[in-house]
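# Observations on chain architecture
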Amino acid sequence: MKTLVIAEKPSVAQDIVKALTPTSGKFEKHDDHFENDRYVVTSAVGHLVEIQAPEQYDVKRGKWSFANLPVIPPHFDLKPVDKTKSRLTAVVRQAKRKDVDALINACDAGREGELIFRLIEQYAGGTKSLDKPVQRLWLQSMTPQAIRDGFDNLRTNTQMQGLADAARSRSEADWLVGINGTRAMTAFNSRDGGFFLTTVGRVQTPTLAVVVEREEQIRKFISRDYWEIHAEFAAAAGTYPGKWFDPSWKKEEDAEKKADRKWTASEAQAIVEAVRGKTASVTEEATPTTQASPGLFDLTSLQREANGKFGFSAKTTLALAQSLYERHKALTYPRTDSRHLPEDYVPVAKQTFEMLADSGMRHLAPHALTALNNNYVRKIPRVFDNKKVSDHFAIIPTLQAPSGLSEAEQKLYDLVVRRFMAVFFPSAEYQVTTRISVAAGHSFKTVGKVLVKPGWLAIYGKEAAAEVEDAKDGDKGQNLVPVQPGEQVGVESVEAKGLKTRPPARYSEATLLGAMEGAGKLVDDDELREAMQEKGLGTPATRAAIIEGLLNEKYMLREGREIIPTAKAFQLMTLLRGLQVEELSRPELTGEWEYKLAQMEQGKLSRATFMAEIAAMTEHIVKKAKEYDRDTVPGDYATLSTPCPNCGGVVKENYRRYTCVGRPTDSAPADADGASDGCGFSFGKSPAGRTFEQAEVEQFMRDKKIGPLEGFRSKAGWPFVAEMALKYNEEDKNWKLEFDFGDDKKNEESGEIVEFTDEALGACPKCGSPVHEHGSNYLCSKAVPTNEQPTPSCDFKTGKLILQQPVEREQVVKLLTNGKTDVLDKFVSNRTRRSFKAMLAWNPEEGKVTFEFEPREGGKKYPPRKTTATKTPFGKAAAKKTATKTAAKTTKAPAAKKATKAAAEKAPRKAAVGTLKPSPALMAVIGDGAYARTEVVKKIWDYIKANNLQDPADKRSIKADGKLQAVFGKDSATMFELAGIIGKHLS
């Protein structure tokens, strides 16, 4: 009989095989597993199974309405993750083998790894249990010896039950809150029509609340003027600076008031006049101080440090650390919340220093040698503490010296190694001198901080020395010239500096991670952070994904290193506060839930108790949203500076709309609610699910047009891009918001005559008339009103941009001449978001252009296409959805396995997001770098707007300046041509 080992990733499975081969014999490699006489080793690829509500509880229709909420099933069924079904089938096949009588869970050592295995095991058993004993491989390091040691010390299934319960509870709680909360808030926001997707989550929404609250503080902050008095004193040995302070000052509730600030210019100037040209007596006190190195890294502190030093996002740092752990075997397990090592790890720490000393890494080896020669590596309580090590210990280097690291990997590895060495080095020693200079009864303070012994700072070299000598403002660290006892010094110069109080800083990714760790409180003190980390938002392993999720949902955006909440985020917070749904907006409460999951892992809290609390909270959320019956939600709303286009009145914001409230009167000023009655002008704040930013609203009201803008969603939930316009409606005698897709049907509807000036591409396959390029389509000359035929009689047209694939003129010529284009490889499915390649072909039976795929190996070919490849300007969802659906059906056509595999191997890899390089001409406009296509379009539009290149009479027409002429190849182009033009300049 054999034991099945299930790893989380193929790379880990390979490492396990390599480590076990010397002790258990050679493995034979199969398509989806490795096998020898004792073990079968296979792997997942992350999550293969996900939870779902049972059939009778799952909402198939009307899922975005209140009628079917809340959804709280008594249990959860499982379903395969679509994209990894084949891998799941392979793993289950091995688990059900009759000659496999035991399982080893070798997934990552943590809550998520436990969940991945448990769900696979449950799915493999079906309605019955697999009834095969399970043991747990718990790895902190991926070196061969660490893996072998792990197999010698397997944990029992009973030992892991607490972690398994916490893993399932976390997964089910997130499902309950996420599904019910998102559907309830989306239903509430979509009451007026459309589809306003409003995602919420058990952890992501409180995280967003932290960012929004900080932004609200910044917006409401009123800066105050204050003055500091700085003097330069002349002693016999030289000059030194000093800053005025009030020795009798006591701390007040107003945090802005400090001992060294004056709040009027006259008071500050009076001090300047009093001490100018005077002499001062000097007293000073010198105190030796020490500074220990910061503690070892857990994942969150590593992400914060890497963001601050290198600008790495939390997601990037995690990916680099995971690569150093899995691929290079150079770091220990990174998804840890511990900053300590086990007490029996001292010998391993010494071996690690020996490896570093012999590694040939010249920037690190000398410090490792110093530590070994001076016996620095010993059992230090602040480093080795079993009580502060749970499932994982701190991130440290392994015994394996890395090679072939990328620049980013090397930076992160050095960061971890330096911190690891630093905790064993002595504290840095300083001599801190506080000097008080008193002139004309006014006191000035100067602080000197001199590094006496660098200790651990030696590992950081010049970088740390610069941190010591960090200012010359009189109250910071600097070397001070000596003053003799009793010496009188002169006031060489003195001035009052006018300054302003500053609002709190916006969050960077580093400070946001710190705030998440402290459950919404930014905590810099290491000991306090450790005390609070069990109640943090999310876990070290999930925090990067939470931040990325909020950025992807357009709740936040990055500007440099700052993270800024969008209007959509403020609108969500206004809704949650208005509905009094504290469970979704209070970081502290969510931190408590994370703490309870940790208690469950330790067997101190039952799974049933926790899930009952989550279910009750879910019911409360839905009930609050469902029963809210007022017209608007109370909040802090803006008054626009741009007047109403219809009557010149004041336009104000409420929860759902911007509305004219009428002209201001003497009794009711412009900022009051009691202005004269409005004229009826209003428009929604979130047309098609995209919320206006304040600056966008002002521009839209002023110019009566804006765009193209991204982020809209159709009623079916599909994303699209469009311009918006305010247009006067004669029937209502008012202005209305309309989407402007540049749709060529306007010619048909208005009867406007079209004159074709371009050369015909060929004969229409329907009626034989010439086909021309027009707007965003190629169409028959009889499909629009012309002088020869005012009433259209043909409907042939095909888009210039189909599923993100630009269709060039020469391809349309081939389509009209040969019946099909060449194979085009940049189509993107709207359903799966995956690229595919196909030909566009004329289908005479259906009377439209359809997709046709290349013949497969062996002569087999996909059946005829059912999907019309017609125009899809700016992402019109219905046509795209149809095309995607048919394309998806086509890929399921029967074919031999070998043929499918061969075709898959032949398919070229598509360019990933952010990997397209611009031509020299395009580079002159957008700059050098690697871009995603959407980034290029945005940068081009930014350039067009900044240089006022849109034709004032027809803003769809772009006048080319010198740089754009090189890109366009002509003096002007329409906005609909941009995608095709840009495509020629990207590779």
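Everything below is about the structure printed above this text.
The structure reproduced in this document is the subject of the present report.

### Notes on the sheet that holds strand β18 (residues 650–653)
A sheet is described by the order of its strands in space; here three strands give the open sequence β18-β19-β20, paired in antiparallel fashion. Since the sheet does not close on itself, it has two edges, and those belong to β18 and β20 (682–684), each with one partner. Direction aside, the axes of adjacent strands within the sheet are offset by 25° on average. Where β18 meets strand β19 (residues 657–662), four bridges bridge the pair, whose relative direction is antiparallel. Looking at β19, one finds that E653 is bridged to Y658.

### Focus: empty space enclosed by the protein
Going through the model one piece at a time under the given rule, you end up with two cavities of 30 Å³ or more. Of the pockets and cavities examined, the largest cavity occupies roughly 40 Å³. Taken together, V12, A106, C107, D108, A109, L137, L139, M142 and Y325 make up the full set of residues lining the largest cavity. Its residues assigned to classes, the lining of the largest cavity shows eight nonpolar, no polar and one charged.

### With respect to the state of the cysteines
This structure, assessed with the given rule, holds zero disulfides. Its sulfur unpaired, C644 is 3.6 Å from the next cysteine sulfur, which belongs to C679. With relative accessibility at 4%, the residue C644 sits in the buried group. With no disulfide of its own, C647 has C660 as its nearest cysteine by sulfur position, at a separation of 3.5 Å. Residue class for C647 comes out partly exposed when judged on its relative accessible area of 21%.

### Things to note about the side chain of R214
Note on placement: R214 falls in helix α6 (residues 204–220). Notably, R214 is buried but unbridged: the nearest opposite-charge side chain belongs to E213, and the N-O separation is 7.6 Å. If sequence neighbours within four positions are ignored, R214 has contacts with P504, A505, R506 and Y507.

### A short note on unusual backbone geometry
Looking along the chain, the bond that leaves L69 and enters P70 is cis, with omega of 0°. As for its position among the elements, P70 is in the loop between β5 (49–52) and β6 (77–80). Notably, Q580 is not glycine yet its phi reads approximately 60°, a positive angle. With respect to the helices and strands, the residue Q580 is situated in the loop between α17 (567–578) and α18 (587–601).

### Remarks on the nonpolar core
Among the nonpolar cores identified, the biggest contains 82 residues, and L208, L512 and M556 are the most heavily contacted of them. Counting residues per element, this core draws most heavily on helix α5 (residues 161–189), which supplies 10 residues. In contact with M556, other than residues within four places in its own chain, are L208, V211, L512, I547, L550, L551, I563, I564, P565 and T566. Counting residues in each nonpolar core, the second largest holds 54 residues, with L320, M355, V416 and F425 among its members.

### So, helix α22 (residues 809–818)
Looking only at α22, the buried set comprises Q811, V812, L815 and L816. For α22, the arc enclosing every buried residue in end-on projection is 135°, short of the 170-degree limit, so these residues lie on one face. Away from the buried face of α22 by more than 90 degrees, exposed residues T817 and N818 are located. If you follow the buried residues of α22, they end up packed against β24 (762–763), β25 (770–774), β26 (777–780), β30 (824–828), β31 (835–843) and β32 (848–852).

### Here we look at the side chain of D298
When you line up the elements, D298 lands in the loop between β12 (279–291) and α8 (299–310). Separated by 3.4 Å, the side chain of D298 and the backbone nitrogen of T300 make a polar contact.

### Some words on the sheet that holds strand β10 (residues 225–235)
Read around the closed barrel, six strands run β10-β11-β14-β13-β12-β15, paired in antiparallel fashion. Taken pair by pair, the neighbouring strands of this sheet meet at an average axis angle of 35°, ignoring direction. Here β10 pairs with strand β15 (residues 489–500) via 10 bridges, running antiparallel. The residue of β15 that forms the bridge with Y226 is L499.

### Regarding the environment of S972
In this structure, S972 sits in strand β34 (residues 972–974). Classification of S972 by relative accessible area gives partly exposed; the value is 34%. A sequence separation of 22 residues divides S972 from Q950, and the C-alpha atoms of the two residues are 9.6 Å apart. If sequence neighbours within four positions are ignored, S972 has contacts with I958, K959 and A960.

### As for the packing of α8 against helix α9 (residues 314–326)
Two elements in contact, α8 and α9, have axes separated by 9 Å at closest approach and are oriented at 115°. The interaxial crossing formed by α8 with α9 has right-handed handedness. Residues L299, L302, Q303 and A306 of α8 lie in contact with α9, whose contacting residues are A314, T317, L318 and A321. Counted by class, the contact of α8 with α9 contains six nonpolar, two polar and no charged residues.

### Topic: the pairing of β10
In terms of residue burial, β10 counts as a mostly covered element, since eight of its 11 residues are buried. In the sheet, β10 pairs with strand β11 (residues 238–245) via six bridges, with the strands oriented antiparallel. Bridging across to β11, F233 finds its partner in Y240. Hairpin remark: β10 followed by β11, antiparallel, with two residues in the connecting loop.

### Section: the environment of V45
Examined against the element boundaries, V45 turns out to sit in the loop between β4 (39–43) and β5. For the pair V45 and K9, spaced 36 residues apart in sequence, the C-alpha to C-alpha distance is 4.9 Å. Excluding anything up to four places from it in sequence, V45 contacts E8, P10, T84 and R87.

### Describing the packing of helix α14 (residues 509–517) against helix α16 (residues 543–552)
For the pair α14 and α16, interaxial distance at closest approach is 11 Å and the crossing angle is 120°. When the axes of α14 and α16 are compared, the pair comes out oblique. Taken as a pair, α14 and α16 cross one another with a handedness that is right-handed. Judged by residue contacts, E509, L512, L513, M516 and E517 of α14 engage R543, I546, I547 and E548 from α16. Looking at the contact of α14 with α16 residue by residue, the class counts come to five nonpolar, no polar and four charged.

### Observations concerning the pattern of salt bridges
In total, this model carries 52 salt bridges according to the counting rule given. Put simply, E653 and K685 hold a salt bridge, and the shortest N to O gap is 2.8 Å. Here the residue E653 occupies a position in strand β18, and K685 occupies one in the loop between β20 and α20 (694–703), the gap between them amounting to 32 residues. Both residues of the pair, E653 and K685, belong to the buried class. Residues D703 and R702 are paired through a salt bridge, measuring 3.6 Å at the closest nitrogen-oxygen approach. According to the relative accessible area criterion, D703 is partly exposed, its value standing at 34%. Of the residues examined, R702 reaches a relative accessible area of 53% and is grouped as exposed. Taken together, the shared-partner salt bridges in this structure form one network comprising K2, E35, R97 and D99.

Thresholds, definitions, all that
Going along each chain's sequence as written, the residues are numbered from 1 onward. Predicted model: local features are reported for residues with pLDDT of at least 70 only, side-chain atom pairs are reported and counted for 80 or more only, and whole-chain, interface and lining totals are derived from all residues. Each side-chain value is derived from all of the structure's non-hydrogen atoms; neither hydrogens nor water enter the calculation. DSSP bridges decide pairing: two strands pair if at least two such bridges lie between them. Each helix is a run of H or I in the DSSP string that is no shorter than four residues. Each strand is a run of E no shorter than two, and both are numbered from the N terminus. Axis lines are fitted to C-alpha atoms, over the contacting stretch for helices. Their N-to-C directions set the angle, which ranges from 0 to 180 degrees. Definitions used throughout: a 1 Å grid over protein atoms alone; a cavity as a set of points that fits a 1.4 Å probe which cannot get out; a pocket as an open set with protein on both sides within 12 Å along at least five of seven lines; a lining residue as one with an atom within 4 Å of a point. Grid points are joined across faces, edges and corners, and a volume is the space filled by probe spheres set on the points. Asp, Glu, Lys and Arg are counted as charged, while Ala, Val, Leu, Ile, Met, Phe, Trp, Tyr, Cys and Pro are counted as nonpolar; the rest, among them Gly, fall into the polar class. By convention in this document, the label disulfide applies to cysteine sulfur atom pairs within 2.5 Å. Buried means the residue's accessible area, taken with a 1.4 Å probe over protein chains only, is under 20% of the maximum for its type, while exposed means over 50%, and partly exposed covers the values in between. His is not counted, nor are the chain ends, whereas Lys and Arg count as positive and Asp and Glu as negative. Only one rule defines a salt bridge in this text: a Lys or Arg side-chain nitrogen within 4 Å of an Asp or Glu carboxyl oxygen. The contact definition used throughout considers only heavy atoms, calling two residues in contact when any of these lie within 4.5 Å. To form a nonpolar core, buried Ala, Val, Leu, Ile, Met, Phe, Trp, Tyr and Cys residues must be joined to one another through side-chain atoms within 4.5 Å. Note that the arc is defined by the directions from the helix axis to the C-beta atoms. As used in this structure description, the phrase polar contact means that two N or O atoms lie within 3.5 Å; if the pair is within protein, one of them must be able to donate a hydrogen and the other to accept it, and residues adjacent in sequence are counted only when both atoms belong to side chains. Should the near helix be turned anticlockwise from the far one by less than a right angle, the crossing is termed left-handed; should it be turned clockwise, right-handed. For classification purposes, angles smaller than 35 degrees are called roughly parallel, those larger than 145 roughly antiparallel, those between 65 and 115 roughly perpendicular, and all remaining angles oblique.

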